[in-house]
Amino acid sequence: MRNSKITWSIVAGVALALIVGIGVAIAVGRGSSEPAAAPVVSASVVPLPSSAPSVSASPAPSPGADIKGPLDLVLIGVDTRVSIPDWEPHADTIMLLHVEADLRSAYLYSLPRDLRVDIPAYQKSGFGGGKHKITEAMSRGSRIPGSEKKSVEQGYELLTKTLSAYTGIKTFHGGAILNFGGLDKLVDQLGGIDMKIDQKVKSRHRKPDGSMRTLSGGDYIGPQATYQPGTRHLVGWQAIDYARQRYGLPNGDYDRQRHQRQMVEAILAKALTQGLSDPAKLGSVINALGKSLVYVGGRTPFEYAYALRDLSPDKITTVTLPGAGVGSGGGYLGEQLKEEGRGFVKALAKGTHRAYLAAHPKLVDK
């Protein structure tokens, strides 16, 4: 029974990290919670094993057993293929996962891609710093002066420096990037997911049969896929399509962020129902990601999955951070968190987030 639990945790950890709408699968950049100036990161396509790692009968500690909490992890979602040479990464979706010291409970929250922040100067890319949308931190950091090549490691490093400056969280222990295509395949490999649709959503991109709508004059035309309220079973393209929509929603990107967090939980919940103690089935689920998953960090997703083997969906509290647009002279500049949302971020950095949420229960997603 223990072997089955450990094997499941490999995919559950990857699936949890996997997300975003969303990017995801987490790899831990450091093995302890001790603060550091910046994590040492490397970027690569996740190595895909031919079978699941076996659990040794020897008393030697399992890989990842030394990982301690609390942990702060970055989950990055992108729209383009991360495997394209010289790809300039933009953080289209940013989810942050705070795992408590016992590694058994966590808080998942999102920052708007258009959040207006101070991005610090970054010598490696020749960026002089300035106030921009947070989505630009990865792209500006990824540039290599005098070269057309891009560095995902640099982009990640500048993004985490920006996040630390904004949130007050000194160290992000790891992160990962996943594109929509990879997540689509993962959901299909799991046999689809069940999601509670909380509001009517019309797709800007897809027809009811899943084919793409026609682009005409800068907008899409033709029949639209529509997601009605209620518990629905979604296949890969439907899950990603639903979680991507923001146009026509009352709260725009803030509603989209909530739907993406709900999808994270749905993927993890579905992983729990799978017979993933079978190495062949486990391998097929992970291999479904292909080259769409890139992780940054010194530890593998499998080590991280072991460390989070006791983190179940019901122990993940998803939090909405309310915000509003900011502008100048009638022009749109980006988003800013409202005082209540900013307060949660500050409380998390101080370790007082549980009391803060008790005093602000409306921030917790229902």
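Here, every reference points to the structure presented above.
The rules behind each value
- Residues numbered from 1 in each chain as written.
- Predicted model: local features only at pLDDT ≥ 70, side-chain atom pairs only at ≥ 80, totals over all residues.
- Heavy atoms only, no water.
- Salt bridge = Lys/Arg side-chain N within 4 Å of Asp/Glu carboxyl O.
- Helix = DSSP H or I, 4+ residues; strand = E, 2+ residues; numbered from the N terminus.
- Buried < 20%, exposed > 50% of the residue type's maximum accessible area, 1.4 Å probe, protein only.
- Pairing = 2+ DSSP bridges.
- Contact = heavy atoms within 4.5 Å.
- 1 Å grid on protein atoms, 1.4 Å probe; cavity = no way out; pocket = protein on both sides within 12 Å on 5 of 7 lines; lining within 4 Å.
- Points joined across faces, edges and corners; volume = space filled by probe spheres on them.
- Nonpolar A, V, L, I, M, F, W, Y, C, P; charged D, E, K, R; others polar.
- Expected span 1.5 Å × (residues − 1).

**Q** So what's going on with the pattern of salt bridges? Residues and values would help.
**A** A complete count under the given rule lists eleven salt bridges for this structure. Close ionic contact of Glu88 with Arg143 constitutes a salt bridge, the shortest N to O distance being 3.4 Å. Of the two residues, Glu88 sits in the loop between strand 2 (71–78) and strand 3 (93–99) while Arg143 sits in the loop between helix 2 (136–142) and helix 3 (152–167), which places them 55 residues apart along the sequence. Measuring nitrogen to oxygen at the nearest pair gives 3.0 Å for the salt bridge that ties Glu157 to Lys124. Taken together, the residues span a long stretch of sequence, with Glu157 in helix 3 and Lys124 in the loop between strand 5 (116–119) and strand 6 (130–133) at a distance of 33 residues. Linked through salt bridges whose partners overlap, the residues forming this network are Asp92, Arg113 and Asp114.

**Q** Before we move on, could you go through helix 5 (residues 236–244) and cite the residues and values that matter?
**A** The element helix 5 is largely enclosed, with a buried count of seven among its nine residues. Buried within helix 5 we find Gly236, Trp237, Ala239, Ile240, Asp241, Tyr242 and Ala243.

**Q** Describe the side chain of Thr318, listing the residues and the values that go with them.
**A** Tracing the sequence through the fold places Thr318 in strand 15 (residues 316–319). A relative accessible area of 6% means that Thr318 is categorised as buried.

**Q** So, the pairing of strand 3: which residues are in play, and what are the values?
**A** Here strand 3 lies mainly inside the structure; seven of its seven residues are buried. Burial along strand 3 is two-sided: the residues Thr93, Met95, Leu97 and Val99 and Ile94, Leu96 and His98 are all buried. Across six bridges, the pairing between strand 3 and strand 4 (residues 106–111) is antiparallel. What sits directly across from Val99, in strand 4, is Ala106. From the end of strand 3 to the start of strand 4, which pair antiparallel, there are six residues, and Leu103 there has a positive phi angle of about 60°.

**Q** With reference to specific residues and values, describe the environment of Pro361.
**A** Inspection of the secondary structure assignment puts Pro361 in the segment after helix 10 (353–359). The partly exposed category is assigned to Pro361, whose relative accessible area is 45%. Residues Pro361 and Val319, 42 residues apart in the sequence, show an inter-C-alpha distance of 9.6 Å.

**Q** Give a detailed account of the pairing of strand 17 (residues 331–337), specifying residues and quantitative values.
**A** Relative to strand 17, strand 16 (residues 323–328) is paired through six bridges, and the arrangement is antiparallel. Bridge assignment links Val326 to a residue of strand 17, and that residue is Gly334. The turn linking strand 16 back onto strand 17 is made up of two residues, and Gly329 within it adopts a positive phi angle of 60°.

**Q** Describe the side chain of Ser125, naming the residues involved and giving the relevant values.
**A** Turning to its location among the elements, Ser125 is positioned in the loop between strand 5 and strand 6. Among residues more than four places away in sequence, those in contact with Ser125 are Arg140, Gly141, Arg143, Pro145 and Gln154.

**Q** Let's hear about empty space enclosed by the protein: which residues, and what values?
**A** According to the stated counting rule, one finds two cavities of 30 Å³ or more in the structure shown. One number sums up the size of the largest cavity: a volume of about 60 Å³. Every residue along the wall of the largest cavity is listed here: Asp92, Thr93, Ile94, Ser110, Leu111, Pro112, Arg113, Asp253, Arg256, Gln257 and Gln260. Contributing elements (two or more residues each) for the lining of the largest cavity: strand 3, strand 4 and helix 6 (253–273). Taken together, the residues of the lining of the largest cavity sort by class into three nonpolar, four polar and four charged.

**Q** Give a detailed account of unusual backbone geometry, specifying residues and quantitative values.
**A** In this structure, the amide linkage connecting Gly69 to the following residue, Pro70, adopts the cis form with an omega of 0°. Here Pro70 lies in the loop between strand 1 (43–45) and strand 2. Its identity is not glycine, yet Leu103 carries a phi of approximately 60°, on the positive side. Its location among the elements puts Leu103 in the loop between strand 3 and strand 4.

**Q** Outline helix 3, supporting the account with residue identities and numerical values.
**A** Between its first and last C-alpha, helix 3 extends 22 Å over 16 residues, near the 22 Å set by a 1.5 Å rise per residue. Of all the 16 residues making up helix 3, 13 are buried; the element is thus mostly covered by neighbouring parts of the structure. Gly168 sits one or two residues past helix 3 and shows a positive phi near 85°.

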